[in-house]
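Here is how the chains run, residue by residue.
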Amino acid sequence: MNDPARQLEELHARLQNVPLADEPTLRRRLEGLQRRLKRGQPVDRGLPRLVADIERAAAVVSRRLDLCRTIEYPPELPVSRERPRLLEALGRHQVVIVCGETGSGKTTQLPKLLLELGCGSRGRIGHTQPRRIAARSVATRLAEELGTEAGHGVGWKVRFTDRVQPESRIKLMTDGILLAEIQSDPELLAYDALIIDEAHERSLNIDFLLGYLKRLLPRRPELKLVITSATIDPERFSRHFDGAPIVSVSGRGYPVEIRYRPLAAEDEDSRDRSQLEALVEAADELAAEGPGDILVFLPGEREIREAAEALRKHHPPGTEILPLYARLSAAEQQRVFAPHPGRRIVLATNVAETSLTVPGIRYVIDTGQARVSRYSWRAKVQRLHIEPIPQDAADQRAGRCGRTGPGICIRLYAEEDYLARPRHADPEILRTNLASVILQMAHLGLGDPADFPFIDPPDPRMIRDGWRLLHELGAADPSHRITDIGHRLAGIPLDPRLSRMLLEAERTGALAEVLVIATGLAVQDPRERPHEQRQAADAAHAEWAVPDSDFLGRLKLWQAWQEASHTLSGNQLRKWCRTHFLSWMRMREWTALHRQIRGLLLERGQRENTTPAEADAIHRALLAGLLDHVGQWDERGYYQGVRQRRFSIHPASALARRHPKWIMAGLLLDTGRLRALEVARIQPQWIEQLATHLLRRSYGEPHWNTRRGQVVARERLSLHGLVIHPGRRIDYGRIDPEASRSLFIRHALVQGEWDTRADCIRANRTLIAEVEDLEARTRRRDLLVDEDTLQRFYEERIPPEIHSGPAFERWYRRLEPEQRRALCLSREQLLARDGDPLIRERFPDMLECAGLRLPLSYHFAPGEADDGVTLRLPLALLPRIEPWRPDWLVPGLLEEKLAALLRGLPKALRRNFVPAPEFARACAESLQPEGPLLPAFG
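Model, not experiment: these values are computed from the prediction.

Caption draft 1: Structural view of the overall build of the protein chain. The helix and strand inventory of the protein chain stands at 38 helices and 27 strands. What you see for the protein chain is a C-alpha radius of gyration of 45 Å, clearly larger than the 30 Å of a compact globule of 938 residues, by over 25%. Dimensions of the protein chain, computed from C-alpha atoms along their principal axes, come out at roughly 145 × 100 × 60 Å. Taken across its 938 residues, the protein chain has 49% of its residues classed as buried. Within the protein chain, contacts between residues separated by at least 24 positions form 69% of all contacts whose residues are at least 6 apart in sequence. Counting every atom, the protein chain has about 45600 Å² of accessible surface; 50% of that belongs to carbon and sulfur. Put simply, the protein chain has 138 plus and 131 minus side-chain charges, and the middle of one group is 3 Å from the middle of the other.

So this is what it looks like as structure tokens:
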């Protein structure tokens, strides 16, 4: 056997021939064996396994080198003519920007150039495309040109499909796939070269990748990066990568004549034209130029329908008019590419700018407008408004008619308007919600988004808004730290709102149903509504309508699809989709996404419910991701949402005419009018349960409630300005214990508004009642101490945590007798001043009259009927009472009455009885109630 030390040294050299992704692990194992050997420990078991693993890894590199050896360049492609210049730039620089128009061959030939430079052996050549269909088609084309099989030497990976083998040298994928791989391979060791294709589209994924690669490249000096772009601002990419060289490749276009036909009149004698009038006139003008199809660019579906109707009325039957937009079925879109006789007018949205090439186009009519999705951080909604297109988009549209020969482009706006427009459109990162990007960056430990090297840094307000949404979802705390929920959400490849629904669904026992709905919301709506068959489509879709929930309608559609999938063959299932106006491809995409996410959740330990979930459980889970998409019906004809938003339900919803009190919406879309799509009825208490961290609580009218034995207040709940509950009674002690304690003592103990069982409090009340009775007799309010003094007495003796009657009773029962006595008041503590010791004699309880002892009661309430002294006797005894006896009152009040009589005398007489109180006192002491008062006093 060879010397182990020597074997290990040889293995070090062999690590240079293993894949880059395997090298770090194999190197750590090798160094571990060397340390064991130095310590004198045996390596007999680990060494053979390491040798075998290194040989297997080296065999992968060897198989890669055996593939894709035949490299030929089609001479008709402009890229082939620039091969020497491109090879030189790729060899000398780590980053190269390749700029070329569509048709120059950059997409298919650049991977060959990297192969020629030796890339694709220890690491793959990663080649990203914005769209899945492009990744598949480019992989197939490359495999044919390199003499290998698609999925073998050239692999491709898109969502739901992986056709990459270990020996694949080139890997085509969407930019989203590469972005997802960063989580498991942060150094991107699986690649030794990357091609970011169509970078000029500036999608969110592309911008994030370019920022990430800017940080990564200094740590991976051997990694080559090629960025391809149409002739749209390549200098921006060059500056981002510190002056990376730009290699321009000419396209294969033909000259295009630009004609401007603005809608506004050029002189006072002419009138302004509508867009439809200008469109019809432009079509007539181009028709006179000769044969060839016309491509018309319009902002959206509604404008396409209106234009189609106007053109059909104007043009002869031989002219075929076809729409082209994203929501069309695959079959309807395919009609655009099918051979045809005669002239064809294609009415398209901006999907025909760069995403696909319509064959046979000789002429273009450009309205200069597009419907752009733009997120408003102020309104917190996605807006889809019609905007003027920038210059580069206008140039792209004009270039559509210069592919097969000279073309003509008529722009329905002025040349001055074109020149005044911005050169480039805003990248997606400047017009979309950044919550998903921020979440992934935080999960990957990439730091603050404000410090990340984006090509165009996003607005700080957009970053703050992204953090706000993450906080609403419970994915981040107010200090911008990702929570456990946030890390769980980051591991689910869906929008954070949809991922949050799945986490909540596990808690509510509705994961199976919510998984279907969430994945359905993640794909484009499979329901189709052809313009010519709108009524038939609506009738077919009504089969799955659920009165109170569009979400349950999606679930019902899924169940019908699953049943059909298990009973029908492939062709029958396609026919079933056509009959029910469903997109076969989108239903397949929904199914694949459901399968992928379901497998991921099961791997993470989440389990689906085995029994069907209740509708409320489903909607509560959905609401967890839609807390800012709720609304309350306003009788003025709209829904009042959060942040003062007002919206209406989209007419296509099953709830459009029902107007439930509370709803949630899957999407709020502003297309000139704010509409709610995918709507369901909810209960406001669900919002309170899920949005505890977001609700604003205000309290008013705290007061003592005798029946409940506690201080209560009115609680008002609101979510971002939307009142969830206008006011309900709650225990105010939980909110403000100190204020509640003060009110409890004042009302329950001082004012006696609590029927307590505490004997000392009962004794205090008895004593207080006696003092109050003395005050009533003497008609004064200065004997009993004030309420503040009693308040302080109890506050000094009752613990701070006692703020309700039940709590006081529990605390009192635990006291020792000595502690209870500390709560007892004495007469001296209650009297603010010494009372008259003869009060009882001067204000007796009984009145002796006609040989009877009749009860007296005292009440001091000036202005009330029972103010003063009240004599109570049976009606039968009334004749026995002398009429003059009540005039004498009681001894304590007689003196004051006599003084009042003296003051009422005429001045000539009154001056003889000054001072009146002294005369009154002397008379009161000498008089006896033996007859009428006035004669005796006189």
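Caption draft 2: Here's a closer look at the packing of aromatic side chains. Counting across every chain of the model gives 19 aromatic pairs. Pairing tyrosine 260 with tyrosine 418 gives two aromatic rings, centres 6.5 Å apart and planes at 50°, and the pair type is tilted. Linking tyrosine 260 in strand β9 (residues 256–260) with tyrosine 418 in helix α16 (residues 415–420), this pair joins segments that are 158 residues apart in sequence. Ring centres 5.6 Å apart and planes at 90° place the aromatic pair phenylalanine 913 and phenylalanine 919 in the edge-to-face group. Overall, the relative accessible area of 32% leaves phenylalanine 913 in the partly exposed class. Linked through ring pairs, Trp704, Phe744, Trp754, Phe808, Trp811 and Tyr812 together constitute an aromatic cluster. We note lysine 112 situated over the ring of tyrosine 73; from NZ or CZ to the ring centre the distance is 5.9 Å. Positioned over the ring face of tyrosine 418 is arginine 411, at 4.4 Å from the centre of the ring.

Caption draft 3: Layout of the sheet that holds strand β3 (residues 154–158). In spatial order, the strands read β4-β3-β5-β2-β6-β7-β1-β8; together these eight strands make up an open sheet with mixed pairing. Edge strands, defined here as strands with exactly one partner in the open sheet, are β4 (161–163) and β8 (246–249). For this sheet the average axis-to-axis angle between neighbouring strands, irrespective of direction, equals 20°. Bridge count for β3 against strand β5 (residues 170–174) is four bridges, and the pairing is parallel. Bridge pairing links glycine 155 to lysine 171 in β5. In the packing of helix α5 (residues 83–92) onto the sheet, the strands contacted are β1 (95–100), β7 (224–229) and β8, and the crossing angle to β8 comes to about 160°. Against the sheet, helix α6 (residues 106–116) touches β1, β2 (124–129), β5, β6 (191–196) and β7, its axis set at about 165° to β2.

Caption draft 4: Quick look at the pattern of salt bridges. One pass over the full model with this rule turns up 69 salt bridges. Notably, a salt bridge pairs arginine 202 with aspartate 207, separated by 2.7 Å at the nearest N-O pair. Of the residues examined, aspartate 207 reaches a relative accessible area of 0% and is grouped as buried. Three or more residues are tied together by salt bridges with common partners; here these are Asp465, Arg468, Glu472, Arg497, Asp628 and Arg643.

Caption draft 5: Representation of the side chain of glutamine 129 within the structure. With respect to the helices, strands and loops of the structure, glutamine 129 is situated in strand β2. A polar side-chain atom of glutamine 129 sits 2.7 Å from a polar atom in the side chain of aspartate 197. Not counting residues up to four positions away in its chain, the partners in contact with glutamine 129 are Thr107, Ala134, Ala135, Val138, Leu172, Met173, Thr174, Asp175, Asp197 and Glu198.

Caption draft 6: Region of interest: the state of the cysteines. Counted according to the given criterion, the structure contains zero disulfides. Free cysteine cysteine 68: the closest other cysteine sulfur is in cysteine 119, separated by 13 Å. Cysteine 68 sits in the buried class, given a relative accessible area of 5%.

Caption draft 7: Quick peek at the pairing of strand β21 (residues 674–681). Taken together, the two bridges between strand β19 (residues 646–649) and β21 define a ladder with parallel strand orientation. Its bridge partner being in β21, isoleucine 649 is matched across the sheet by alanine 676. The pairing of strand β20 (residues 662–670) with β21 spans seven bridges and is antiparallel. Bridge pairing in β21 places alanine 665 opposite valine 679. The antiparallel hairpin formed by β20 and β21 contains three residues in its connecting segment, where glycine 672 sits at a positive phi of about 105°.

Caption draft 8: Fine view of the confidence of the model for the protein chain. Averaged over all residues, the pLDDT of the protein chain is 87; the fraction at 70 or higher stands at 96%. Confidence, read as mean pLDDT per element, is least for helix α14 (residues 351–354) in the protein chain (62) and greatest for helix α26 (residues 615–623) (96).

Caption draft 9: Examining a positive patch on the surface more closely. There is a patch of like positive charges on the surface, built from Arg574, Lys575, Arg578, Arg588 and Arg595. Counting only elements with at least two residues in the positive patch, the list comes to α24 (570–579) and α25 (584–603). For the positive patch, the leading source of residues is α24, giving three residues. With respect to the helices and strands, the residue arginine 595 is situated in helix α25.

Caption draft 10: Expanded view of the sheet that holds strand β12 (residues 344–348). Pairing within the open sheet is parallel, and its six strands lie in the order β9-β16-β13-β10-β12-β11. Either end of the sheet is taken by a strand with one partner, and the two such strands are β9 and β11 (320–324). Taken over all neighbouring pairs, the strand axes of this sheet differ in orientation by 20° on average, direction set aside. Judged from the five bridges that link them, strand β10 (residues 293–297) and strand β13 (residues 361–366) form a sheet pairing that is parallel. Following the sheet pairing, phenylalanine 297 is matched in β13 by aspartate 366. Packed on one face of the sheet, helix α12 (residues 301–314) meets β11 and β12 and runs near 160° to β12. The strands touched by helix α15 (residues 391–399) within the sheet are β9, β10, β13 and β16 (407–411), with β16 carrying the most contacts at an inclination of about 140°.

Caption draft 11: Looking closely at the packing of helix α35 (residues 891–903) against helix α37 (residues 916–926). It is the contact of α35 with α37, at a shortest axis distance of 8 Å, that shows an interaxial angle of 130°. By the angle between their axes, α35 is oblique relative to α37. The two elements α35 and α37 meet at a crossing, and its hand is right-handed. Contact residues: α35 offers Leu894, Glu895, Leu898, Ala899, Leu902 and Arg903, while α37 offers Ala916, Pro917, Phe919, Ala920, Arg921, Cys923 and Ala924. Among the residues making up the contact of α35 with α37, the classes are represented as ten nonpolar, no polar and three charged.

What counts, and where the lines are drawn
Residues numbered from 1 in each chain as written. Predicted model: local features only at pLDDT ≥ 70, side-chain atom pairs only at ≥ 80, totals over all residues. Heavy atoms only, no water. Helix = DSSP H or I, 4+ residues; strand = E, 2+ residues; numbered from the N terminus. Rg over C-alpha atoms; globule rule 2.2 N^0.38 Å. Buried < 20%, exposed > 50% of the residue type's maximum accessible area, 1.4 Å probe, protein only. Contact = heavy atoms within 4.5 Å. Areas by Shrake-Rupley, 256 points an atom, 1.4 Å probe, with all protein chains shown as cover. Lys, Arg positive; Asp, Glu negative; His and termini not counted. Charge placed at Lys NZ, Arg CZ, Asp CG, Glu CD. Phe/Tyr/Trp six-rings, centres within 6.5 Å; stacked < 30°, edge-to-face > 60°. Lys NZ or Arg CZ within 6 Å of the ring centre and 35° of its normal. Pairing = 2+ DSSP bridges. Axes fitted to C-alpha atoms, helices over the stretch in contact; angles between N-to-C directions. Salt bridge = Lys/Arg side-chain N within 4 Å of Asp/Glu carboxyl O. Polar contact = N/O pair within 3.5 Å; in protein donor to acceptor, adjacent residues only side chain to side chain. Disulfide = S-S within 2.5 Å. pLDDT = per-residue confidence, 0-100. Patch = residues over 30% accessible without salt bridge, like charges linked within 9 Å, V, L, I, M, F, W, Y side chains within 5 Å. Parallel < 35°, antiparallel > 145°, perpendicular 65-115°, else oblique. Left-handed = near helix turned anticlockwise from the far one by under 90°. Nonpolar A, V, L, I, M, F, W, Y, C, P; charged D, E, K, R; others polar.

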